[in-house]
Amino acid sequence: MSARDIVVIGGGVVGISCARWLQRDGHHVRVLDPQAPGQGCSFGNAGVFAVDSIIPEATPHALRDAPAMLLSSTSPLRLVWRDLPRLAPWFTRFALQARPARVRAATACLAGLCAGAMEGYRAITADSPAAELMRHTGWAHVFERAATAEGARREMEERARHGWRVRWLDGAELHARIPGLRQDAAAAVELPDIWMCLNPARFVERLAADVAAAGGAVQQARVTGLRPNNGGVEVQTPGGAIHADHAVVAAGVHSEQLAAGLGDRLGLTAERGYHAMLDSGEGGPPMPIMSGEHKFVTTPMADGVRLAGTAEFARAERPPDPRRVRILLQRAGNLFPGLRTGSYTSWMGCRSTTPDSLPIIGRSAATPAVTYACGHQHLGLTLAGVTGRLVADDLAGRDPAVDLRPFRANRFRIFSG
Ligand SMILES: Cc1cc2nc3c(=O)[nH]c(=O)nc-3n(C[C@H](O)[C@H](O)[C@H](O)COP(=O)(O)OP(=O)(O)OC[C@H]3O[C@@H](n4cnc5c(N)ncnc54)[C@H](O)[C@@H]3O)c2cc1C
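Everything numeric here is computed off the predicted structure, so don't read it as measured data.

What counts, and at which threshold
- Residues numbered from 1 in each chain as written.
- Predicted model: local features only at pLDDT ≥ 70, side-chain atom pairs only at ≥ 80, totals over all residues.
- Heavy atoms only, no water.
- Salt bridge = Lys/Arg side-chain N within 4 Å of Asp/Glu carboxyl O.
- Helix = DSSP H or I, 4+ residues; strand = E, 2+ residues; numbered from the N terminus.
- Buried < 20%, exposed > 50% of the residue type's maximum accessible area, 1.4 Å probe, protein only.
- Core = buried A, V, L, I, M, F, W, Y, C linked by side-chain atoms within 4.5 Å.
- Contact = heavy atoms within 4.5 Å.
- Polar contact = N/O pair within 3.5 Å; in protein donor to acceptor, adjacent residues only side chain to side chain.
- Near = heavy atom within 4 Å.
- Areas by Shrake-Rupley, 256 points an atom, 1.4 Å probe, with all protein chains shown as cover.
- Nonpolar A, V, L, I, M, F, W, Y, C, P; charged D, E, K, R; others polar.
- Pairing = 2+ DSSP bridges.
- Axes fitted to C-alpha atoms, helices over the stretch in contact; angles between N-to-C directions.
- Expected span 1.5 Å × (residues − 1).
- Bend = angle between axes of the 7 residues up to and from the residue.

Draft legend 1. Spotlight on the pattern of salt bridges. Per the stated rule, a full pass over the model turns up 28 salt bridges. A salt bridge links Glu312 to Arg78, with the shortest nitrogen-to-oxygen separation between them at 2.5 Å. Taken together, the positions of Glu312 in strand β18 (residues 304-313) and Arg78 in strand β4 (residues 77-79) put the pair 234 residues apart, joining distant regions of the chain. A relative accessible area of 21% places Arg78 in the partly exposed class. Between Glu234 and Arg227 there is a salt bridge, and its shortest N-O distance comes to 3.1 Å. Connected through shared salt-bridge partners, Arg78, Arg272, Glu312, Asp321 and Arg323 make up one network.

So this is what it looks like as structure tokens:
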């Protein structure tokens, strides 16, 4: 295979993982991002390599629960109603994905990707200091009410069917495994196979340092457009155009604008999430804990406890809403009464989310010299390694480990007019 000049657009966990995999094939890689690596959505996630999270967001349950959640000011789901006209086509596609047959198909696709997720990291972290930030702790979903635990049973059985160990905990065992949890919590499910990341931003920084150490370039530049050019691609930046043999668009939620310039339609929306990073680790759990009722994660990280969650549908450019962080702090204080929630920093970031919860991994319809790697919704940290591997396999003409057709760009075009 001949070495190619490849520009990777976006220095988040997905773009950097793609860059590392492409370097393994001998390609010359240049990563462009207006920010330093890992400062986008990859900065503030909950740090869970959540390979068990194989159920898409659009399900009959989600549709049933959404109206009540949208009307509650403290629920984990929020819509900025002013943005509804713009979001309506996306919600329509989302609702269409909630049919049981579509849910089953999307679950199988996510399970296939997740099965290779940790392997996807092994090769690019083997000799990297990034590996020191990966820890095998397991994670758990905690239920304050027995009814919520009961409601989660089928979903947990689905995870078990795909090979992930699932252990239900209650009574004394529950509090022995998760010390600090409120005494009246009803139950928890522990998934002991799961790994976590001690500092997601530093993880990307270290992988980006590996890109540079292997002879790649990591440069601060905003890409303003892409144009097919002589079998390759012209990458436009304010500093001038760069000719590349190939470009990988991994610009998170901003990938849609770059795709639009080529005539592609990805179907992404900004699903905004928040975190509160507590200065203290005191009173926190020994592993990441997902609240079954309130859908946020409490993660013990290297520099304190992180509370992360919320699905807020609004334009990416809108300022963060500080009330979302206050809700996280209050909910976490109820769940772990010993947590020190007084001193913290807060953050908001945009997941790039497709209506079917499947990422976009595939070529542009406009030009085979452009590949998309975006739309990883709640699972970008989890799936970045395997995404990089699939992108590299596709460019090399190797058989990918999973069928890439369900992840193709333009799959929502038929509904988008
Ligand atoms: C609250 C929260 C909790 C989460 N928890 C988890 C979790 O526990 N596990 C998990 O797997 N995932 C989690 N996620 C999701 C995960 O963080 C994302 O899926 C992931 O970070 C996406 O990575 P990315 O590289 O695609 O995007 P980003 O990290 O957003 O990177 C995209 C990059 O592209 C750059 N860019 C944008 N436009 C341009 C341009 N025109 N030119 C050049 N560069 C450009 C941006 O500056 C940015 O650095 C969570 C997300 C949130 C919000």
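Moving on from the coordinates now.
Draft legend 2. Inspection of the nonpolar core at higher detail. Tyr121 and Phe203 are the most contacted members of the largest nonpolar core, which has 68 residues in total. The leading source of residues in this core is helix α12 (residues 380-396), at 8 residues. When near neighbours in sequence (up to four residues on either side) are disregarded, Phe203 contacts Val13, Phe49, Tyr121, Thr125, Ala130, Leu133, Met134, Cys197 and Leu381. Formed by 27 residues, the second largest nonpolar core is a distinct cluster that contains Leu169, Leu181, Leu328 and Leu339.

Draft legend 3. Spotlight on the side chain of Asn45. Relative to the assigned elements, Asn45 resides in the loop between β2 (28-33) and β3 (48-49). Here Asn45 falls in the buried class, since its relative accessible area comes to 18%. Side-chain polar atoms of Asn45 contact the backbone nitrogen of Gly47, separated by 2.9 Å. Setting aside chain neighbours within four positions, we find Asn45 in contact with Pro200, Met301, Arg306, Ala308, Trp347 and Leu381.

Draft legend 4. Broad picture of the site of the ligand. Taken together, 37 residues sit near the ligand, with Asp33, Ser42, Val48, His378 and Thr382 positioned nearest. Here Val223 contributes a backbone N or O atom positioned 2.9 Å from a nitrogen atom of the ligand. One nitrogen or oxygen atom from the main chain of Gln377 is found 2.9 Å from an oxygen atom belonging to the ligand. Here the ligand loses 94% of its free accessible area of 1,000 Å² to cover by the protein chains. Partitioning the shell around the ligand into residue classes produces 16 nonpolar, 18 polar and 3 charged.

Draft legend 5. Seen up close, the sheet that holds β3. Pairing within the open sheet is antiparallel, and its 3 strands lie in the order β3-β9-β5. Each of the sheet's edge strands pairs with one partner strand only, and the pair in question is β3 and β5 (134-136). Sitting on the sheet, helix α5 (residues 117-125) is in contact with β3, β5 and β9 (195-197), with an inclination near 135 degrees to β5.

Draft legend 6. Structural detail: helix α3 (residues 84-96). Relative to the 18 Å expected for 13 residues at 1.5 Å per residue, α3 spans 17 Å between its end C-alpha atoms, a close match to the ideal helical length. Where α3 bends most, at Trp90, the angle is about 30 degrees. If you check which residues of α3 are buried, you get Leu87, Trp90, Arg93 and Phe94.

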